[in-house]
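A look at the structure
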Amino acid sequence: PYPHYAHMRATAPVHFNDTLQVWEVYGYHDIQTVLGDAKTFSSDLSDGKMMVFMDPPRHTQFRRLVARAFTSKVIADLEPKVQAITEALLDRVEAAGRMDLVKDLAFPLPVTVIAELLGLPAADHDKFKQWSIPAIRAAEMELMGQVPAPEFVAAVDELDAYLARLIASRRDHPTGDLVSGLLAAEVDGERLTLPEVASTCRLLLIAGFETTTNLIGNTLQLLLAHPKALRQLEADPELLPSAIEEALRFNTPFQFFARRATRDVELGGQLIRAGQQVMTFNASGNRDESAFPHADRFDITRTANRHLSFGHGIHYCLGAGLGRLEARVALSTLLRRFGQLRLDEGRAAEPLQSVVLFGFSSLPVVFETSE
Ligand code: HEM
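Described in the following lines is the structure provided in the data block. Everything quoted here is computed from the prediction, not taken from an experiment.

About the criteria used
Residues numbered from 1 in each chain as written. Predicted model: local features only at pLDDT ≥ 70, side-chain atom pairs only at ≥ 80, totals over all residues. Heavy atoms only, no water. Phe/Tyr/Trp six-rings, centres within 6.5 Å; stacked < 30°, edge-to-face > 60°. Helix = DSSP H or I, 4+ residues; strand = E, 2+ residues; numbered from the N terminus. Lys NZ or Arg CZ within 6 Å of the ring centre and 35° of its normal. Buried < 20%, exposed > 50% of the residue type's maximum accessible area, 1.4 Å probe, protein only. Contact = heavy atoms within 4.5 Å. Near = heavy atom within 4 Å. Polar contact = N/O pair within 3.5 Å; in protein donor to acceptor, adjacent residues only side chain to side chain.

This part covers the packing of aromatic side chains. Per the counting criterion, the structure on display carries 14 aromatic pairs. Taking the centre distance of 5.7 Å and the plane angle of 65° together, the rings of Tyr2 and Phe358 count as edge-to-face. Taken together, the positions of Tyr2 in helix α1 (residues 2-11) and Phe358 in the loop between β12 (350-351) and β13 (360-362) put the pair 356 residues apart, joining distant regions of the chain. Through a chain of ring-to-ring contacts, the aromatic side chains of Tyr2, Tyr5, Tyr26, Phe256, Phe281 and Phe358 assemble into a single cluster. When the ring centre of Phe292 is taken as origin, the NZ or CZ atom of Arg249, which lies over that ring, is 5.2 Å away. Geometry around Tyr2 places Arg287 over its ring, the cationic atom sitting 3.9 Å from the centre.

The next subject is the side chain of Arg170. Within the element layout of this structure, Arg170 appears in helix α8 (residues 150-172). With relative accessibility at 12%, the residue Arg170 sits in the buried group. When near neighbours in sequence (up to four residues on either side) are disregarded, Arg170 contacts Leu118, Gly119, Thr175, Asp177, Val179, Ser180 and Leu183.

Taken together, 25 residues lie around the ligand, and His59, Arg63, Phe257, His315 and Cys317 are the ones closest in. Interatomic distance of 3.4 Å between a backbone N/O atom of Ala207 and a nitrogen atom of the ligand. Taking His315, its side chain carries an N or O atom lying 2.7 Å from an oxygen atom of the ligand. Elements with a contribution of two residues or more to the shell around the ligand: α3 (58-67), α10 (194-208), α11 (210-225), β7 (257-261) and α15 (320-337).

Shape descriptors only; they carry no functional weight alone.
Structure representation (structure tokens):
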């Protein structure tokens, strides 16, 4: 998509798409303007039960509630668990000398972490994993204004029924975990409804799982495609956090988001009417030369990397710290344990078939074990 984004930035940075009847915004600064002004550009597009689709004042209260589960202390305390899950996943493939980076590590790691965060018993993790991908596909189709395929809807129903049982059991026997906390909390002096708690759990799954899978996959793929960067990183492992930020910028896991104008407003010389939908192409903003010198260069030493990959403004990703932690632990452990990592010549990498998400569904690699 990146050559198309470059073309749009140069020719029509704020563009009305006649087919979809939406405004498309491609430039870094225009995107910041839209995401930074929640009053003019509302997120209230869906059923309104998930906080990503809420506006203030309700959003503010909801966010404060969920943010308790994502303080930097909570995230730091999760590190040993993330490390242990990663080591166990790598133990399984070590002897083979080859793995599918996505299926064997980047996929199971974040879904296991979210299952832990939600307090799911370990025995249920596999079921949870099976429902996750169809549930995300269904959400993605809804976002695109399509009717989700029946097999996706069936998985969503099973997931919802499972979460409803989990929530009911926490209501009867609170444990102090995230779900129990949501059940006990009040917004506007009222307890959250059970569907609101369920939607929040589903949001954490949808927002936090495949994006992180793609971040881990994209970072490794970019390093393998840029051997100089990989050597730089091997010589100086301290560069890993900035390499992850650069991968977030360069191949953005979540390509665009939607808003709706609440009033007539001018943007980039165009008049957007009240009620019209606006899509911000954050992935395009991340390659905007006016914000990033040599924007098409993958440079793991880049500083002041103010990319838009976690959004901007009041909906800025609550899980950014967690996503970064998982990527850092996954990649540092992989590079420490497995030497001579390279793409498996015999098996092709498969890019994800999605317009919203950017990543790989399969990334076969080979390696030599160094421990
Ligand atoms: C919001 C990206 C990981 C939970 C967002 C938004 C983006 C994003 C772009 C803003 C959406 C908007 O403005 O409409 C990512 C990426 C991740 C990631 C690229 C990969 C590392 C996570 C994780 C979690 C999470 C691990 C939690 C388990 C959330 C939540 C919101 C959100 C709850 C809604 C915040 C709000 O509405 O105030 N994420 N995310 N994300 N993300 Fe993430």
